[in-house]
Amino acid sequence: MTIGIHPLHPLFVGEVSGADLTRPLSVAEIAEIEAAIATYAVLVFRDQRITDEQQLGFSECFGSLEHTGGTGISKPSEQRLHPAFADVSNLDVGGEVLARDNRRRLYSLGNMLWHSDSSFKAVPAKYSLLSGRVVVDKGGETEFADMRAAYDSFDDATKAEIEDLVCEHSLMYSRDVLGFEDLTEIEKATMRPVRQVLVRTHPVSGRKSVYLASHIGKIIGWPVPEARAFIRDLTEQVTQPEFVYRHVWRPFDLVMWDNRCTMHRARRYDATSVRDMRRTTVAGDAPTVAMGPSNI
Ligand SMILES: [Fe+2]
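J.: How should I be thinking about the overall build of the protein chain in this particular structure?
T.: Check the secondary structure of the protein chain and you find eight helices and 15 strands. The C-alpha atoms of the protein chain give 18 Å as radius of gyration, which agrees with the globular expectation for 296 residues (19 Å, within 12%). If one aligns the C-alpha atoms of the protein chain with their principal axes, the spans along those axes are about 50 × 45 × 35 Å. Per-residue burial for the protein chain yields a buried fraction of 36% across its 296 residues. Here the contacts in the protein chain between residues at least 6 apart in sequence split such that 81% fall between residues at least 24 apart.

Printed below as a string of structure tokens:
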């Protein structure tokens, strides 16, 4: 296979042609895709009518998968999919649309805030692969922002200021933004903050990027209000329209992105429409900061 790439945005995002994800890919084909994502950061594969098993098989070609365990607050009996899937749908275990006030639905609205998947884990995610099995007609787009181009746009003073900063990430911080506050003690225990550098260098492309997410609640060594104001300011800068691609979903699109150098967010849609999106997540290789007592 030699894949073709058609750019969908001036800065990043490539639509891939010549790939059939329903069959096993060779080592050479996987290497082509890894080279493409190192350049484009987001890859769009159209019309991939894959099963869950095929999605798992394709995803595992890039490394070991995170076992996300639903949205993080679902009980095992409430989970519709294999534990290596993040169920990004609005469906319950019986396939019914979740009620508007359903707790899992409200929790999952955190996906509408700009973020990078699993930045709240000590070893954050490498790639995410999101398959649109049933998409909505209106709304429900996913927006991506290129954190490499955004970093490049910073002036020298900003680059110097952020170079060595370390942030604290937790699901508690992003849910707090939404006013989702009724977390149990057990849930809070699973959301203990972890530390991540604010500037990352991509291991393949060598490009620097700014590593932001709505999961950030603190900058180490900074007063909290100053940190949150600064992070909000940076987030506004890096999500200006020039850095953003909006993906309008077609049925059976599979979108693969590199969480190390992009942010994304879901857009609003009619809560009564069926939306069945299934994500697999390739785990990262190592923490972004040295593991210490505060990052265990
Ligand atoms: Fe996400």
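Read on, since the account is not over.
J.: Looking at this structure, how should I read unusual backbone geometry?
T.: Backbone phi values are negative for most residues with the exception of glycine, while trans is the configuration of most peptide bonds. For Val-13, which is not glycine, the phi dihedral falls at a positive 75°. Following the sequence through the fold, Val-13 ends up in the loop between β1 (4–7) and β2 (14–17). In this structure Val-13 comes out as buried when scored by C-beta crowding, with 23 C-beta atoms within 10 Å. Residue Ser-118 is not a glycine yet carries a positive backbone phi of 65°.

J.: Hey, could you run me through the sheet that holds strand β5 (residues 125–134) in this one?
T.: To summarise the sheet geometry, strands pair through backbone hydrogen bonds and adopt either a parallel or an antiparallel arrangement. The seven strands lie next to each other as β1-β2-β3-β13-β5-β15-β4, forming an open sheet whose pairing is mixed. The outermost strands of the open sheet, each flanked by one partner alone, are β1 and β4 (85–87). Recorded for the sheet is a direction-independent mean angle of 25° between the axes of neighbouring strands. As defined by bridge partners, β2 adjoins strand β3 (residues 42–45) across three bridges and the pair is classed as parallel. Across the sheet, the residue bridging to Gly-14 is Leu-43, located in β3. Packed onto the sheet, helix α1 (residues 27–40) meets β1, β2, β3 and β13 (254–258) and runs at close to 125° relative to β3. Seen against the sheet, helix α2 (residues 52–60) touches β4, β5 and β15 (276–283) and runs at an angle of roughly 25° to β15.

J.: Explanation requested: α2 in the structure shown.
T.: Each full turn of the α-helix corresponds to 3.6 residues, which orients residues three or four apart in the same direction. Those residues of α2 that sit buried are Gln-55, Phe-58 and Ser-59. Projection of α2 onto a plane perpendicular to its axis shows the buried side chains occupying an angular sector of 100°, all on one side. Looking at the packing, one finds that the buried side of α2 touches β5 and β15.

J.: What am I meant to see in the nonpolar core here?
T.: Nonpolar side chains tend toward joint burial in soluble globular proteins. Within the largest apolar cluster, 49 residues are counted, with the highest numbers of intra-cluster contacts made by Val-42, Leu-43, Met-147, Val-210, Leu-212 and Met-256. The residues contacting Val-210, other than those within four sequence positions of it, are Met-147, Ala-150, Tyr-151, Ile-162, Leu-198, Val-199, Leu-234 and Val-238.

Criteria and thresholds
- Residues numbered from 1 in each chain as written.
- Predicted model: local features only at pLDDT ≥ 70, side-chain atom pairs only at ≥ 80, totals over all residues.
- Helix = DSSP H or I, 4+ residues; strand = E, 2+ residues; numbered from the N terminus.
- Rg over C-alpha atoms; globule rule 2.2 N^0.38 Å.
- Buried ≥ 20, exposed ≤ 12 C-beta atoms within 10 Å, placed from the backbone.
- Contact = placed C-beta atoms within 7 Å.
- Pairing = 2+ DSSP bridges.
- Axes fitted to C-alpha atoms, helices over the stretch in contact; angles between N-to-C directions.
- Arc of directions from axis to C-beta.
- Core = buried A, V, L, I, M, F, W, Y, C linked by C-beta atoms within 7 Å.

None of this, on its own, says anything about what the molecule does.
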